[in-house]
Amino acid sequence: MKQLGMLLVAVALGVAAWWWITSEMPRREHERAKVAQVATAKAERANTLYRWRDANGNLQVTDTPPSRRKYERIGRQPDDGIEIHGNRE
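Residues numbered from 1 in each chain as written. Predicted model: local features only at pLDDT ≥ 70, side-chain atom pairs only at ≥ 80, totals over all residues. Heavy atoms only, no water.

**Student:** I tried to follow a nonpolar patch on the surface on my own but got confused; where do I start?
**Tutor:** Side chains of Met1, Leu4, Leu7, Leu8, Val11 and Val15 sit close together on the surface and give an oily, nonpolar patch of about 660 Å² of accessible area. Of note, Leu8 is situated in helix α1 (residues 2-46). (Patch = residues over 30% accessible without salt bridge, like charges linked within 9 Å, V, L, I, M, F, W, Y side chains within 5 Å. Areas by Shrake-Rupley, 256 points an atom, 1.4 Å probe, with all protein chains shown as cover. Salt bridge = Lys/Arg side-chain N within 4 Å of Asp/Glu carboxyl O. Helix = DSSP H or I, 4+ residues; strand = E, 2+ residues; numbered from the N terminus.)

**Student:** Would you mind showing me how to read the pattern of salt bridges here?
**Tutor:** When charged atoms on two side chains of opposite charge get close, those side chains can pair. Under the definition given, this model contains 1 salt bridge. Its salt-bridge partner being Arg51, residue Glu72 comes within 3.2 Å of it at the nearest N-O pair. Of this pair, Glu72 sits in strand β3 (residues 72-75) while Arg51 sits in strand β1 (residues 48-53), placing them 21 residues apart in sequence. With relative accessibility at 31%, the residue Arg51 sits in the partly exposed group. (Buried < 20%, exposed > 50% of the residue type's maximum accessible area, 1.4 Å probe, protein only.)

**Student:** Sorry, what's going on with the environment of Lys70 here?
**Tutor:** Within the secondary structure layout, Lys70 lies in the loop between β2 (59-62) and β3. As a C-alpha pair, Lys70 and Leu8 span 62 residues in sequence and 68 Å in three-dimensional space.

**Student:** Hey, could you run me through the packing of aromatic side chains in this one?
**Tutor:** Pairs of aromatic rings are described using the distance from one ring centre to the other and the angle between the two planes. Using the criterion set out here, one finds 1 aromatic pair in the structure. Aromatic side chains Tyr50 and Tyr71 sit 5.3 Å apart centroid to centroid with 80 degrees between the ring planes, which places their arrangement in the edge-to-face category. You can see Tyr50 sitting in strand β1 and its partner Tyr71 sitting in the loop between β2 and β3, a full 21 residues away along the chain. Look at Tyr50 and you get buried, because its relative accessible area is 3%. (Phe/Tyr/Trp six-rings, centres within 6.5 Å; stacked < 30°, edge-to-face > 60°.)

**Student:** Which parts of the structure should I look at to understand the confidence of the model for the chain?
**Tutor:** Low-confidence regions, as indicated by low pLDDT, have predicted coordinates that should not be scrutinised in detail. Looking at the chain, the pLDDT average stands at 84 and 98% of residues meet or exceed 70. Per-element confidence in the chain is highest for β2, whose mean pLDDT is 93, and lowest for α1, whose mean pLDDT is 84. (pLDDT = per-residue confidence, 0-100.)

Here is the structure:
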């Protein structure tokens, strides 16, 4: 009788572990993916500056995009090398 009870406990623990792994792991994977997406967006924003013109036509360069204005994204780090345009006179 004692062996049957131990077998039932082992089976119950096995079923509980299977249920926990199959229900918990996809949720954790989804949470990790969401955290990684947010971290990627933050890193991209940290390396971006925004170039735009204010109401007076003055050039502005800020680390946050302006609201309701056209802007251009530029990187904080310059490109490697020298860029030469041969069409200038």
